[in-house]
Amino acid sequence: MKRLSTLLLIAVSTNVFAQKLDKLTVEKIMRDPKWFATSPENIYWRDDSKKVYFDWNPEKSERSALYSITPSSITPVKVGVDERKTMPGDGEWNKKHTVKLYEKDGDIFLYDVPKEKIVQLTHTVDRESNPRFAGNENNILFIRGDNMYELQLGTGELDQLTNFTRAGSSNQVSARKGPHGNQQEKWLKNQQLELFDVIKKNDRDRKLDSIERKELEPKKLREINVDDKRISSLQLSPDGRYITYRLITTPKDEKRTIVPDYVTSSGWTEDIPNREKVGGPQSTAESFIFDTKKDTVYSIVKADIPGIKDIPAYVKDYPKELEEYTKRNADREVSIYGPLWSEDSKNAIVIIAAEDYKDRWIMKLDPATGHLSLIDRQHDDAWIGGPGIGGTRNTGWLDNTHFYYQSEASGYSHIYVADVATGDKKQLTRGKWEVQTLDLSNDKKTFYFIANMEHPGVKDFYRMPVTGGTPVKLTSMKGGNDVALSPDEKWLAISYSYTNHPPELYLQPNKPGAKAVKITNSISEEFSSYPWRAPEIITFKNRYGADVYGRVYAPQNPDPAKPAVIFVHGAGYLQNITYSWSEHYFREYMFNNMLADNGYYVMDIDYTASAGYGRDWRTGIYRHMGGKDLSDHVDAVKYMVGKYGINPKHVGMYGGSYGGFMTLMALFTEPDVFASGAAIRSVTDWAHYNHGYTAEILNEPYTDEKAYRQSSPIYFANGLKGNLLMLHGMVDQNVNFQDIVRLTQKLIELHKDNWSLAPYPVEDHTFVQPSSWTDEYKRIFMLFEETLKK
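Residues numbered from 1 in each chain as written. Predicted model: local features only at pLDDT ≥ 70, side-chain atom pairs only at ≥ 80, totals over all residues. Heavy atoms only, no water.

A.B. asks: I tried to follow the sheet that holds strand β42 (residues 676-680) on my own but got confused; where do I start?
C.D. replies: The strands making up a sheet are joined through hydrogen bonds of the backbone, oriented either antiparallel or parallel. With mixed pairing, 8 strands are arranged side by side in an open sheet as β37-β38-β40-β39-β41-β42-β43-β44. Looking at the sheet topology across the chains shown, the edges are occupied by β37 (536-541) and β44 (755-760). Taking each pair of neighbouring strands and ignoring which way they run, the sheet shows an average axis angle of 20 degrees. Looking at chain direction, β42 and strand β43 (residues 723-729) are connected through 5 bridges and run parallel. Bridged to Gly677 within β43 is Leu724. Contacts from helix α10 (residues 628-644) reach β37, β38 (547-553), β39 (564-568), β40 (601-605) and β41 (651-656) within the one sheet, and its direction differs from that of β37 by about 110 degrees. Contacts from helix α14 (residues 737-749) reach β43 and β44, with the element oriented near 150 degrees to β43. (Pairing = 2+ DSSP bridges. Helix = DSSP H or I, 4+ residues; strand = E, 2+ residues; numbered from the N terminus. Axes fitted to C-alpha atoms, helices over the stretch in contact; angles between N-to-C directions. Contact = heavy atoms within 4.5 Å.)

A.B. asks: What am I meant to see in the pairing of strand β24 (residues 371-379) here?
C.D. replies: The side chains of a regular strand alternate, residue by residue, between the two faces of the sheet. Inspection of the sheet shows strand β23 (residues 359-366) paired to β24 by 8 bridges, in the antiparallel sense. When the sheet's bridge partners are listed, Met363 is paired in β24 with Leu374. Count of turn residues in the β23/β24 antiparallel hairpin: 4 residues, of which Gly370 carries a positive phi of about 85 degrees.

A.B. asks: Sorry if this is basic, but what is going on with the nonpolar core here?
C.D. replies: Counting residues in each nonpolar core, the largest one holds 69 residues, and the members touching the most others are Met603, Phe674, Trp686, Leu724 and Leu743. Looking at which element gives the most residues to this core, the answer is helix α11 (residues 658-669), with 8 residues. In this structure, Tyr553, Tyr654, Leu725 and Leu727 belong to the second largest nonpolar core, which totals 42 residues. (Core = buried A, V, L, I, M, F, W, Y, C linked by side-chain atoms within 4.5 Å. Buried < 20%, exposed > 50% of the residue type's maximum accessible area, 1.4 Å probe, protein only.)

A.B. asks: Can you walk me through the confidence of the model for the chain in this structure?
C.D. replies: When pLDDT is averaged across the chain, the result is 93; 96% of the residues are at 70 or more. Throughout residues 1-17 the model reports pLDDT below 50, and contacts reaching past four residues in sequence, or to other chains, amount to 1 contact. The low-confidence segment residues 169-177 (pLDDT under 50) makes 4 contacts with residues lying over four places distant or belonging to another chain. (pLDDT = per-residue confidence, 0-100.)

A.B. asks: Is there a simple way to think about the packing of aromatic side chains in this case?
C.D. replies: The description of an aromatic ring pair uses the distance of the two centres, along with the angle that the planes make with each other. Counted by the stated rule, this structure contains 50 aromatic pairs. Arranged with centres 6.5 Å apart and planes meeting at 10 degrees, the rings of Trp433 and Phe449 form a pair that is stacked. One end of the pair, Trp433, is in the loop between β28 (425-427) and β29 (435-440); the other, Phe449, is in strand β30 (residues 446-451), and 16 residues separate them in sequence. Pairing Phe567 with Tyr654 gives two aromatic rings, centres 5.0 Å apart and planes at 40 degrees, and the pair type is tilted. Of the two residues, Phe567 is situated in strand β39 and Tyr654 in strand β41; the sequence distance between them amounts to 87 residues. For the pair Phe567 and Tyr654, one class covers both residues: buried. Each member of the aromatic cluster is reached from another via a ring pair, and the members are Trp35, Phe36, Phe527, Tyr530, Trp532, Tyr553, Trp581, Phe586 and Tyr589. Over the ring of Trp35 we find Arg31; its NZ or CZ atom is 4.4 Å from the centre of that ring. Over the ring of Tyr102 we find Lys100, and its NZ or CZ is 6.0 Å from the ring centre. (Phe/Tyr/Trp six-rings, centres within 6.5 Å; stacked < 30°, edge-to-face > 60°. Lys NZ or Arg CZ within 6 Å of the ring centre and 35° of its normal.)

A.B. asks: Just checking my understanding: could you explain the environment of Tyr658 for this structure?
C.D. replies: Looking at the element boundaries, Tyr658 is found in helix α11. You can call Tyr658 buried: its relative accessible area is 3%. Separated by 107 residues in sequence, Tyr658 and Arg551 have C-alpha atoms that sit 19 Å apart. Contacts of Tyr658, omitting those with residues within four sequence positions, involve His569, Gly570, Ala571, Gly572, Tyr607, Ile621, Met625, Gly626, Asp629, Trp686 and Tyr693.

A.B. asks: Would you take a moment to explain helix α6 (residues 319-328) for this structure?
C.D. replies: Residues that lie three or four places apart on an α-helix share one face, since the helix turns once every 3.6 residues. With 0 of its 10 residues buried, α6 lies for the most part at the surface. One or two residues past the end of α6 sits Asn329, with phi positive at roughly 50 degrees.

A.B. asks: So what exactly am I meant to see when it comes to the sheet that holds strand β6 (residues 99-104) here?
C.D. replies: Ordered in space as β5-β6-β7-β8, the 4 strands form an open sheet in which the pairing is antiparallel. Only two strands of the sheet have a single neighbouring strand rather than two, namely β5 (91-93) and β8 (117-120). Direction aside, neighbouring strands of the sheet carry axes that sit 20 degrees apart on average. Bridge count between strand β7 (residues 107-112) and β8: 4 bridges; the pairing is antiparallel. Bridge assignment links Tyr111 to a residue of β8, and that residue is Ile118.

Following this line, the structure appears as structure tokens:
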């Protein structure tokens, strides 16, 4: 018995030891993330507000499972297969918010929430999609193929509303008949009619039959030929009169990159078709109105858009091109989104975006003529952007005459309301903070939104009357609060996290000051056993006098060499200096802790162009990536020298994607500040990145070559003095492996010796395999140990 007790004690002690994290190592940090937490994800409510669903993996299985709770029973329960099969999908609500229309597996369903009844409306081999209620809500609309259909719920009668056709080119000539074939046939027919009475009689009979058939046949639906264009945004006005749609023309000569995949199940190298490069031919769109009452089709009149011929400000740097722009006097390409109709069909709003990214117009559409009148224009010499701005996001009707939207007109993204009858506009929120999400209550009397009102790095959930007033804060836990509001608006399901604590699910009544109850416990004992730092959030002034927010991981026992490392977040427009858990950079957070344990001061900052700080900060890198964003990091080094006494000769940098780009620019253009750097999945030449992201910031390579030359590391590679480690996935479909290969060749031609490249054959832009993460960060740690502590 004594021996058994001893064995049990050893077993328990061993288990406790296995759960304790005494020392951080790369191998421990870069394991499958399930080792430290399996936080709930994809949190949403059941349509009747009786359940909260979320993906969770408390058992650390291969995959997460779907769990649920109820407001009255908060113990998570795994959702069974039978329940999952009958769960309605995302869709559109009726005005009373009692019936939802949705598509599932290519068929249309209706979910009556009070009756808890699901009715399948279509069951066909064709795919039906985009179901919506018609204006009277007695009928539903959906798309089948290219066309719109209307189903009457009371009778089941189905009507086709559009008849788009794809006729071929009409000017093609038959090779067999030759160019005169039709003339010859016509002559022979006329000769037959002239010579034979029986043919004359038959011809008269056919004509009479044709006339009679035409008189008796029902009126046909108008054919609308779209050739090879793609149909988009097909919708019907609430009164059923106007059908609007967009025709997208895809360039036929578009060239796209190829990504070779070397490690494949077939044993052969397989090519992955990939993306375009910036400046390549882009799709164009034209918007049309089909007046079903008059049976006519016409375009929305782009000539009514104020400033559509404006020449971008940067063109003045190129006098020859400016002269050509002026001579052409051409309309800029635009995309028209919407229309968004008022319930009474008397008003329609379209959102128009310039394809050069310099303008966003909100305009009132006269559907009878296609003409437009201005409600609001937001112009930016850099580019239009910011939270809630783009397409029809965060826009809509409060009533039949008041339209809400977000704008950076004040310098920060805030809520505005326009009276489309009078043209008056009112700003509802204001201050040096941003509205990051926006939702309208069911009764259209209240706005709900997430904002960083109290501190740039703290997100809270607020409500405010649609008429304006002081926002009421509904969440009270300092950190990151991502909220799912229940459909009946009585409850908040909150994914809450803090700097050193991954997200957990909380439930709270929708009342200010109400207590949030913790639902899940997702953190492992091993993770909890280590004293993870909550890095100090600091600010310092950059050389331009602006506040830069940063986080500092301070070592308890600084290394005698006083080394420091700066981590650079990616994505450019992303916020990482927050009081919440870093969803994108949790591995880097743990690695920064490990660096601090090994005597390094570690800092990361929300450099110029990071999210969360308003328009001027967002656009501070326009036409010069690696300008103010890089100088912010140089200023951060000066701050650490003054505040913490770090050795300015022992500073390194690392980061991925945009952070990798920044590391290259740092080592190439500020070689006396940064002794070494690890550039991960880096952009090396912006002319080889994608169009949507790059053209916003740098315009296009052949129209603004100066911007690309001063922003691309490959042009500055000769400045390398320190030690450079490059790491890149070979199957990267975002920043293609070609990018780092081109820079590698440049370094070879420049006879540079102090660099190395680590390729990862199976990895895309974001690594997946723990073995790759481990190898990557062992190399980075070794680089800093060998170069910053001497």
